[in-house]
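# Survey of secondary and tertiary structure
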Amino acid sequence: MDNPARIGKYELLDYLGGGMSRVYRARDTLIDRIVCVKILTEKADAEAKARFLQEARVAGSLNHDNVIRVYDFGEDADSNPFMVMEFLEGEDLRHLMKQGRTGDLQWKLKAALQIARALGHIHERKIIHRDIKPENIHVTANGVVKLMDFGIAKSEDVSLTRTGFTLGTPYYMAPEQVRGEAPTVQMDIYAFGVMTFELLTGIRPTDGETIEAIFYKVLYEPLDLTPLMAVDIPAPVRDMVARCTAKNPAERPRSFAEVCAALEAVLGDAAPKMEHATPPPAPAATAAVATVETAPSVAPHQARGRISPEQAAHMAPTAPAQVAATPAGAAPAAVAEPPAPVAASRERRSLVIAAGALGVGVLVLAVAAYFLLTRGTEQVAQQPDQA
């Protein structure tokens, strides 16, 4: 695949890297905005194309301070799908952790809070990420944390999972995810707890030389929280991590609202402020976008090499899938009431009609009274003449 100079209104400025996808720093020539363009190469099959476009739709439906934004998607002149995202300067959390540049405890708790807010937001949109790890967390130059890579996110009304593959990264997978159970928000909560443990201590709570050894520890060995105490992590934070990483999903927080509340209580006034935007509809596709409803998935591909702005770390998109369907026999949705302005307009119209009718009635009564009063006066005036 030759490096193109332009795709539609996007001028491609710098090639950043990639594997099955190629990532460019680009410029939207209509509004003069620097963006990141990710193009799926001709190596991709129909399955990869379906996953790529679904990732664009899932991420494009979100609008949150701590979630990477997708502005557009479509196909180029050679029918290769592309995705246009915000261009992020900075590094992923994994690089910061390896280099020991994650700052003090307050910085780490602020980062954890921003991640929890992002995950809470996508859960509200009925999306489960399923691959929470430091590589999928980007920290911008001004310290804003962004959740990335929705390649294997599970979203409502989409099923792109191939039987026989367990999706996710072993170190951060919940026990029920290892067993291949249906995805739930508790899986993301578990992965968040493991990643927060690693962020706070610099140590993975679960490790092993083989996937089998890692899975055995995830399934059967309780997490050792001693390293958290060794670095003087406050008790409320230790308790939060312990609850998030409980083997039994029922013992974990019910949602990220609880996690955010715990972190905000510890941070107090230092908690980062944010504006929670209303999610917009998914972006309209540019050019002739292929609409693919479903296709099977493969296990996530781990691309190598450091790519600024780190958005090309995992080039091979993988499967969004369906969350829970509406239970059989569920009651149909109620018919919506007329909008308030229409109802109010009808009420005003009824009042005007009633007032008009009342006015006509009063006028008729007044005329009748005047007629009767005039006749009575004439009769009284004629009585002396008749005498």
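The sections below set out a description of the structure shown in this document.

Each value, and the rule that gives it
- Residues numbered from 1 in each chain as written.
- Predicted model: local features only at pLDDT ≥ 70, side-chain atom pairs only at ≥ 80, totals over all residues.
- Heavy atoms only, no water.
- Helix = DSSP H or I, 4+ residues; strand = E, 2+ residues; numbered from the N terminus.
- Buried < 20%, exposed > 50% of the residue type's maximum accessible area, 1.4 Å probe, protein only.
- Contact = heavy atoms within 4.5 Å.
- Core = buried A, V, L, I, M, F, W, Y, C linked by side-chain atoms within 4.5 Å.
- Polar contact = N/O pair within 3.5 Å; in protein donor to acceptor, adjacent residues only side chain to side chain.
- Expected span 1.5 Å × (residues − 1).
- Pairing = 2+ DSSP bridges.
- Axes fitted to C-alpha atoms, helices over the stretch in contact; angles between N-to-C directions.

The next point concerns the environment of V266. As for its placement among the helices and strands, V266 is situated in helix α9 (residues 256-267). For V266, a relative accessible area of 30% corresponds to the partly exposed category. A sequence separation of 160 residues divides V266 from Q106, and the C-alpha atoms of the two residues are 9.4 Å apart. Beyond its immediate chain neighbours, meaning those up to four positions away, V266 contacts L109, P236 and V237.

Inside soluble globular proteins, nonpolar side chains tend to come together where they are buried. Counting residues in hydrophobic clusters, the biggest one holds 66 residues, and the most contacted among them are F150 and F192. The greatest single-element share of this core, amounting to 10 residues, is contributed by helix α5 (residues 185-201). Core analysis: the next-biggest nonpolar cluster, separate from the first, contains 10 residues, Y10, Y24, V37 and I39 among them.

This part takes up the side chain of E86. Residue position: E86 is located in strand β6 (residues 81-86). The class of E86 is buried, set by a relative accessible area of 11%. Among the polar contacts made by the side chain of E86, one reaches the main-chain amide nitrogen of R69 at a distance of 2.9 Å. In terms of polar contacts, E86 uses its side chain to reach the side chain of K146, at 3.3 Å.

Compared with the 21 Å implied by 1.5 Å per residue over 15 residues, the 21 Å span of helix α1 (residues 46-60) between its first and last C-alpha is a close match. Where burial is concerned, most of α1 is hidden: 12 out of the 15 residues are buried.

Right, let's talk about the sheet that holds strand β7 (residues 90-92) for a bit. Pairing between the strands of a sheet comes from backbone hydrogen bonds, and it takes one of two forms, parallel or antiparallel. Read across the open sheet, the three strands follow the order β7-β9-β10; overall the sheet is antiparallel. Both outer strands of the open sheet, β7 and β10 (145-147), are each paired with one neighbouring strand and no more. Strand-to-strand twist across the sheet, computed as the mean angle between neighbouring axes with direction ignored, equals 25 degrees. Examined bridge by bridge, β7 and strand β9 (residues 137-140) share three bridges and lie antiparallel to one another. Directly across from E91, in β9, lies its bridge partner V139. Against the sheet, helix α3 (residues 105-124) touches β9 and β10, its axis set at about 35 degrees to β10.

Any functional reading would require information beyond the geometric quantities listed.
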